[in-house]
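Per-entry structural report
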Amino acid sequence: MITSFDSTIPIDLIGMVYYGKGFHCKNIGTIFTFIYPANMLQPFKRILGASLFLWYFGCHPNTYCLAQSRVTVDFTTKRSIDGYTFLDRNAYFNMHHGIPDTEFTDKEREFLYKELRIGNGGRSFSGVGGLGHQLTQLPTDAMMRESGKSSLEKVKDGIKSDGQLIVTEHPRMVFNAEVPLDSLAAFATRYFKYYYGVSRPLPQFYEPMNEPFVHAREFGKDPLAIIEKMSNYHAILGQMLHQHVPNLKVVGYSSAWPEYDLHDFEIWNTRMKKFMDIAGAEMDYLSIHLYDGVNLAGEVAKRSGSNSEAILDLIESYSYIKWNKVKPMLISEFGITGKGWSDVYKEERLPLTINSMHNLVMGFMERPEVIKLSIPFITGKSKWRLSAGNTIPYQWCISRPSKTDPSGWEFTALTQFYDFWKNVEGERVAITSSDPDLATQAFIKDKKAFIIIKNLEQEDSRVNLSSITGPMQVKSIVQKSWSINPDSSILYTVGKIESIPDYLDLPSEGAVLFEIEHKAKASSVTRNILSEKKFYAREYIKPIIEGNPLTFNIASDDTTSNLAEIRLSIARQLGRSLQPYVEVNGVSQVVPDDWAGYDQASRHGYFGTLIIPVKGTGIKKNNTVTVRFDDADGGRVSSVVLKAVKIKKQ
């Protein structure tokens, strides 16, 4: 049933789909797409609200969607995520190494930074711990002032660094549970105050310890007490650095194991929540590491997809509850890892690494207002790993000792991550998918445009692709296709095609990118703007009791949105229902039976985010979301987020 419409919405082309009654069920039904030009829209104004709903969310909630999945891109509609329209390449396509780097030749540097266009972000273990002082015998302020002055004088030509460097430390180099925390914090503060200057510019970020909480047992028998002490260290250090080195941004705590839902959210309560309560106010940015994981049996437990979405929504929601704003974040490492991966190098792991990075970065791009920098865990040559007689490279290195030349080096397949993305830039444009397993992005700039589709599912997908190009006048198209073969090798092809295909077959976990050359200026193509903004509930991590309605209150400053969606994050035992009864402002909603990524069967339980299109507009200044499970007790609703969407002429 059509509940509302807005006849003033400026859409030049509308895709309309007609099915029998029902809801989202893969491999059911047939899709028919009809494109109507603007001058034929008058007879359809009465159903414009439903059509807009269909276009943005992929399918109407009372219709069957998908004999194949449907992706629609509209280059005439610019997309703004809380005011962010341009893709910041330096936020995503970086390397985990120091800035400036000293391990590559000029020719190698040319390939990495000019050809592959790797960003200016980096991360290195290069803080105060490098001085090598015993933490039980720390130098005085006067000693460090003099030593810092001498160190700066030895820098002859000056160090040039215009990058976004995160400096971090191994916990044992800067933390000792037996030493007063203010003494340790003063030691680190003096280092940045005295050892940096004109000839050695400050890094942009300082992450005081790398993954500290997983090392808590190394510092005492009570890990929870150590975690609290480490958090207090961050708080004291943050205060000192803001006072004495105000240009240095403090980041923490580089959460290594965000299995926050484990043991009924005990890991959340004793890790990130504890840190935010104690030290969060003194952090300029929160930081986290997101990795897909491989167990000894070769099974992958994935963060990418709905699990990472639930993790990030939980952090954002508690940030809003605590400070009435969402504190920005850095993803200071992301990728894939597994037991034993650091010990032995295996080529067959490289495709898994690239795949996880494609998956995760597609999600990060949906949060430009929160995630300011992300670092793929791809290192340089990692020469520290090599020693006399040892030529086994580090699993995540981008360059390894040559297999044929004993004195040479060769790049690894990890360069493909950057090669795939190297040309993508511009302003976001509207793109939607009927299937949450298809992550999508699209961008436009003068004479160039890009469409990216990533299959998050471990099944092949047939995609019906529709594009609205407006006055672009397409000249040529290059298609990049990336996937993993059954033998675990990579299939990566780049070639020209004549036109954007109406259909494409996307392999299991495959990715496709269309690089479009056209004749127009971007400003002459984008005539409309789609603006998105998120609003957070004041309640979170509510326990699920059979038949008991859970109420979440969300304040919004946008009551004129054309569309909306609810991001509902749930933690439940495997096998329990993931389709609750949901109302938004008293109107019942249809909850999908699918989510982004795999089924999470290899995890201890499901923890992920469901995207629920809201019927009609119906967004108020004060909104109420009601969630009820009728199958059984158990689990929690971890967060509820409202996304309001407004489309208008520029």
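The structure displayed is predicted, hence computed values, not measured ones. (Residues numbered from 1 in each chain as written. Predicted model: local features only at pLDDT ≥ 70, side-chain atom pairs only at ≥ 80, totals over all residues. Heavy atoms only, no water.)

Some details on the overall build of the chain
As a reminder of what qualifies: Think of it this way: any DSSP run of H or I at least four residues long counts as a helix, any run of E at least two long counts as a strand, and we number them from the N terminus. Buried means the residue's accessible area, taken with a 1.4 Å probe over protein chains only, is under 20% of the maximum for its type, while exposed means over 50%, and partly exposed covers the values in between. Using a 1.4 Å probe, accessible areas were evaluated by the Shrake-Rupley method; residue-level cover was limited to the displayed protein chains.
In terms of helices and strands, the chain carries twelve helices and 30 strands. By residue count, 57% of the 650 residues in the chain fall in the buried class. Only carbon and sulfur atoms are counted for the fraction: they give 50% of the accessible area of the chain, which is about 26600 Å².

Focus on the side chain of Asn94
Note the cut-off: Identification of polar contacts relies on pairs of N or O atoms within 3.5 Å, with a donor-acceptor requirement for protein atoms, meaning one able to donate a hydrogen and the other able to accept it, and with residues adjacent in sequence counted only if both atoms are side-chain atoms. Whether two residues are in contact is decided by their heavy atoms: any pair within 4.5 Å suffices.
Considering the arrangement of structural elements, one finds Asn94 in the loop between β3 (69-81) and α2 (106-115). By relative accessible area, which is 0% here, Asn94 ends up buried. A distance of 2.9 Å separates the side chain of Asn94 from the backbone oxygen of Asn90, its partner in a polar contact. Polar contacts involving the side chain of Asn94 include one to the main-chain carbonyl oxygen of Ser374, which spans 3.0 Å. Setting aside its immediate chain neighbours within four residues, Asn94 contacts Ile118, Gly119, Asn120, Gly121, Leu373, Ser374, Ile375, Pro376 and Tyr418.

Examining the sheet that holds strand β29 (residues 622-628)
Backbone-to-backbone hydrogen bonds pair the strands of a sheet. The strands run either parallel or antiparallel. Spelled out, the test is: Think of it this way: DSSP has to see at least two bridges between two strands before they count as a pair. Lines fitted to the C-alpha atoms define the axes, with helices restricted to the stretch that makes contact. Angles between their N-to-C directions range from 0 to 180 degrees.
In space, the four strands of this open sheet follow the order β24-β29-β26-β27, with antiparallel pairing throughout. Because the sheet does not close on itself, it has two edges, and the strands there are β24 (550-555) and β27 (587-589). Strand-to-strand twist across the sheet, computed as the mean angle between neighbouring axes with direction ignored, equals 25 degrees. Examined bridge by bridge, β24 and β29 share six bridges and lie antiparallel to one another. Bridge assignment links Leu550 to a residue of β29, and that residue is Val627.

Details of unusual backbone geometry
With an omega of 5 degrees, the peptide bond running from Gly252 to Tyr253 counts as cis. Within the secondary structure layout, Tyr253 lies in strand β7 (residues 249-255). Phi at Arg117 is positive, roughly 60 degrees, even though this residue is not glycine. Positionally, Arg117 belongs in the loop between α2 and β4 (121-125).

Observations concerning the packing of aromatic side chains
For clarity, the cut-off: The pairing test for Phe, Tyr and Trp rings, Trp by its six-membered ring, is centres within 6.5 Å, and the orientation test on the planes gives stacked under 30 degrees, edge-to-face over 60, and tilted for anything in between.
Taken as a whole and judged by the stated rule, the model has 32 aromatic pairs. Aromatic pair Phe205 and Tyr285: ring centres 5.4 Å apart, planes at 85 degrees, arrangement edge-to-face. Taken together, the positions of Phe205 in strand β6 (residues 205-207) and Tyr285 in strand β8 (residues 285-294) put the pair 80 residues apart, joining distant regions of the chain. Summarising the burial analysis for this pair, Phe205 and Tyr285 share the class buried. Arranged with centres 5.7 Å apart and planes meeting at 75 degrees, the rings of Phe420 and Trp421 form a pair that is edge-to-face.

Some words on the nonpolar core
Operational definition: For this analysis, a nonpolar core means a set of buried residues of the types Ala, Val, Leu, Ile, Met, Phe, Trp, Tyr and Cys, connected via side-chain atoms within 4.5 Å.
Within the largest apolar cluster, 98 residues are counted, with the highest numbers of intra-cluster contacts made by Phe175, Tyr206, Tyr233, Tyr260, Trp268, Ile315 and Trp421. Setting aside residues up to four positions removed in sequence, Tyr233 forms contacts with Val174, Phe175, Leu181, Leu184, Ala185, Ala188, Pro208 and Met209. Of all hydrophobic cores here, the second largest spans 27 residues; its members include Phe552, Val584, Phe629 and Ala644.

Quick notes on the packing of helix α3 (residues 141-153) against helix α5 (residues 181-194)
Operational definition: It is the rotation of the near helix from the far one that decides the hand of a crossing: anticlockwise by less than a right angle makes it left-handed, clockwise makes it right-handed. Here the term charged refers only to Asp, Glu, Lys and Arg, the term nonpolar to Ala, Val, Leu, Ile, Met, Phe, Trp, Tyr, Cys and Pro, and the term polar to all other amino acids, Gly among them.
Where α3 meets α5, the closest approach of the two axes is 9 Å, and the angle between their N-to-C directions is 35 degrees. By crossing handedness, the relation of α3 to α5 is classed as right-handed. Of the residues in α5, those in contact with Asp141, Met144, Arg145, Gly148, Lys149 and Leu152 of α3 are Phe187, Arg190, Tyr191 and Tyr194. Taken together, the residues of the contact of α3 with α5 sort by class into five nonpolar, one polar and four charged.

Regarding the confidence of the model for the chain
Inclusion rule: How sure the predictor is of each residue is captured by pLDDT, a score from 0 to 100.
Within the chain, residue pLDDT values average 88, and 88% of them lie at 70 or more. Predicted confidence for residues 1-51 stays below pLDDT 50, and this span has 112 contacts to residues more than four positions away or in other chains. A low-confidence stretch, residues 59-67 (pLDDT under 50), is modelled with 44 contacts involving residues beyond four sequence positions or located in other chains.

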